[in-house]
Amino acid sequence: MRATKRPGLPLSQKYGKYWYKFSRNRLSIVGLVAIAAVVFVAIFAPWISPYPQSAGLYVNFNQASLPPSATHLFGTDEYGRDVLSRLMFGFRYSLELVVVVLSLDVIPGVVLGLIAGYFISRWFSTVIMRVADVFIAVPPLILALSVVAILKPGGINAFLAIALAWWPWYTRLVYGQASSIRNEDFVHAAQLAGASSTHIMFREILPNILGSILTKVSLDGGWTILIGAALSYVGLGAQAPTPDLGTMISDGSAYLPAQWWISMFPALAIVVVILGFNLIGDGVNDMFSSEIR
Amino acid sequence: MSMSLVQVENLKVEYKVYEGWLKVLNGVNISVGKGEKVGIIGESACGKTTTVKSMLRLLASNGRITQGKVTYHGDNVLDMSRGDLTSMRRKKVSMIFQDPSAALNPVFTIKEQMYDIIRVSADERLSTSEVHERAVGFLKQAALPEPDRILDSYPFQLSGGMKQRVNIAFALISANELLVADEPGTSLDVTIEDQIMRLLKQIVDERGLSIILISHALGTVKNFVDRVYVMYAGTIVEEGPTDQVFSDPRHPYTRMLIDSIPKLTGGGVPEGILGQVPSYLTPPNGCRFVTRCPYKMPVCDGAMPALYSVADGQAAACYLYDEKYGAKK
Amino acid sequence: MSEPILSAHNLTRYFQTNKGVIKAVEAVDFAMHEGEVFGIVGESGSGKTTIGNMIIGIYPPTSGTLVYKGEDLSKSANRRSKELKRDIQMVFQNPASSLNPKRTVRQAIEVPLKVNKTDVSIAQRVDELLNLVELPLEFAERYPGELGGGEKQLVSIARALGTNPSLLVLDEPTSALDVSIQAKMINVLLRLKERLGLSYIFITHNLSLMRNVADRVMIMYLGKVREIAPTEEFFRNPLHPYTKMLLSSIPVITDVEERAKPQRIVSTGEISGALNIPPGCSFHPRCPFVMDTCKSTDPPLLEVEKNHWVDCHLYPNEYKKT
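What comes next concerns the included structure.

### Quick look at the overall build of chain A
Secondary structure assignment for chain A yields 10 helices and zero strands. Overall, the C-alpha framework of chain A stretches about 80 × 45 × 35 Å when taken along its three principal axes. Per-residue burial over chain A gives 42% buried out of 293 residues. The long-range fraction of contacts in chain A, counting pairs at least 24 apart against all pairs at least 6 apart in sequence, stands at 70%.

Next up, the structure:
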């Protein structure tokens, strides 16, 4: 008798169930659409923005401080730059931030959490968690401030600062779950079978935590943007003339309430982005929950 | 023949899941008289809990009652107004669940939980000392020593048996007519389960309550209830007086079920029932036991058999007992 | 008389908690032979699961010895020899948590196979194992969520057999299963035993099942052995009051069984918490035959009839070997 691998469920059926669970809640779809729109705008900003030159060094005092109109949908700022176009480029910076921070932080954070959770009684587990505790104890803004104070204020350094503050939350999340899953019978069975610790951590435990990790990643999309905007607002993030949502709010705040559009639209954009990521996070959470709903 | 207290007529219930609709209950008929002790036995996922939850309108949000009626004292429970339903739940009917811990809120003391229930089910306003007195009274009825200490405890400080007795005490507060007990002893040790079932029987007999006892352990049910319903895959396959059904089971499933229980007197490991419960997504059109029945006939695939009377008070839903298809033994 | 394959002498296990010491297992002696089904019965807190865990190596004994085929099992699993780890396997009680919900049946069964290479290909070995436990080969690609409880347990057994063990510890393997499925599983287990020459430690609280499965039965209460006897003798002639209490509270459905039960001893009181073990014989607060000596002195485990061991002051005399 030939021993061949028999095909399982067709892929569409396997992943269709995930989509079904995600889409049960209309709001998750709204979030997905919103963020998809943001991503699209960010990628194609140079081509679809009405006044791409507004994103750089550009001055046109004839067009300065115009309220929203047909030609400038979101108005212009004090230098005559189109707010909408700057917003679109601002999204680029925000999304760059999200991608950089999450790609730097998620994997090391998760791996450390797995190790700390599985080897919970060993000394290095304690070391890992105490180091994580130290980073968590410092408020992210303060941490970012100190990093930026050592390096110069600027885009990349803001990324690094946030990345430094972010990893321990993943470690904590994974540690909590891994330390309880390690006591499940199937982990004992794997140990009894002689499986290596690496196998157990990554093949037995991790798949069961994936849902929480992905949910957090989704929510973090919004959080990192918020922190990034906060840093920019105090002048530690992107430097002029790079358009960034936080900087735009800060610059425009001097002109409130008369020229409200300079600050308001970037602020609304931040709200939309965070809301979008939160709604996606909700949907991702649903995707991995095993309720019969 | 005692007056009927609860009547379930032709109940059909479905659950919505990703793959479609699970057609669980397929026309369930149950009646419980005043002061009567009735049992529902069957294996897991056969619909016993779904039946009683439908009766009390506690069905999960993805469940739907597609047909049927549940009458309590003649009133249709499924159509009742919120107010009437709440009043029924507060004063007349109560339920004891399988997991003693799940029914108790872990962050409140027993006292806090109990006082709430007493206050809500009382007709008049009670002072704190009156509530306390009643609480102690109920705990004593549930054979709990040191009621004051229990009242001050959190659920995690109590053992499984004690928690279940607390649940019984809670149920006594509002169950003046009907008690529903869903596998009350299953998660307890054998000797403790023995104690709890004796206590329950004593309480029910003393107060003249009706009880619906659900269990998958036939032995537990045998010494307790007067009449029993055997359920399989969402249908009642046999019903009748307990001793009769157990000593002379007529439905093939009941027979095979009883045969698959290992006997205390030895005799080797029984065979069990080959095959599996059919999927609720695509249940058979006819008798749901047809996939595993050794006496299967062509007519069994067609339509659900009705309950045929096989002996005094005993009935089995099987075509074997339909004169047209031969009355086989 | 053949050498026992597994023997325990004075086996003890304590757990330190912040509320005090839990004496889970206290001075347990027993021996089992090759090819035997050795049953351990008891309620919660009896220590039966702890013994199973020590045999498997989840934790080592606090004191005493546990000898398997001449080797001392007192090290926990990570430090045992590879052959020893391979030779003793376990089937757990809860089918739901015994299998990783995110891994297919095939992936679950492969885990021991990847570590213990044989000449046969892994895929072939998976098929062999599925055949051994009488499961259809298509199940290999399914996830645990798509299987019934009995099927999940069979997969757990297939996985356990992957290392070619000689001893299987079965901790309440059927307690979470329906009666009709339970029978199938037990039959598969018994057939496997014959076919592969296995020995079983069968832990359960279900005495009716024990009656039909075990060759010898050991009953435990609060960490101590109360009675050991061959099955037939255990049920026909129970001696320890706790055994009688347990047997008399089993719900049965036929009159024949009802008559076979010992006279009713109504169980009273709670099972003492493991932290407050009563002094003397720890069963004395619930014992209907309690005497003064029971409250202060712990009775020894004596062979009071041939192959029938009891620890109870009611039976102070060892039987005379002629």
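Now that the structure has been shown, the text picks up again.
### Re the sheet that holds strand 7 (residues 178–182) of chain B
All names here are of chain B. One open sheet accounts for eight strands, arranged 6-7-8-3-9-10-12-11; its pairing is mixed. The open sheet terminates on both sides in strands that have one partner only, identified here as strand 6 (93–96) and strand 11 (308–311). For this sheet the average axis-to-axis angle between neighbouring strands, irrespective of direction, equals 20°. Pairing between strand 6 and strand 7: four bridges, direction parallel. Paired with M95 across the two strands is V180, which belongs to strand 7.

### A word on the pairing of strand 8 (residues 210–215) of chain B
Residues and elements named next belong to chain B. Judged by how many residues are buried, strand 8 sits mostly within the fold: six of six residues are covered. Burial of the side chains of strand 8 extends over both faces: S210, I212 and I214 are buried on one face and I211, L213 and S215 on the other. For strand 3 (residues 37–41) and strand 8, the ladder comprises five bridges, and the chain directions are parallel. When the bridges of strand 8 are listed, I41 appears paired with S215.

### Notes on the interface of chain B and chain C
Residue-level contacts link 35 residues of chain B with 34 residues of chain C. Of all the secondary structure elements, the ones that give two or more residues to the side of chain B that touches chain C are helix 6 (160–174), helix 7 (190–207), helix 8 (218–222) and helix 10 (252–259) of chain B. Of the residues assigned to the side of chain B that touches chain C, the class counts are 13 nonpolar, 16 polar and six charged.

About the cut-offs
Residues numbered from 1 in each chain as written. Chains lettered and ligands numbered in written order. Predicted model: local features only at pLDDT ≥ 70, side-chain atom pairs only at ≥ 80, totals over all residues. Helix = DSSP H or I, 4+ residues; strand = E, 2+ residues; numbered from the N terminus. Buried ≥ 20, exposed ≤ 12 C-beta atoms within 10 Å, placed from the backbone. Contact = placed C-beta atoms within 7 Å. Pairing = 2+ DSSP bridges. Axes fitted to C-alpha atoms, helices over the stretch in contact; angles between N-to-C directions. Nonpolar A, V, L, I, M, F, W, Y, C, P; charged D, E, K, R; others polar.

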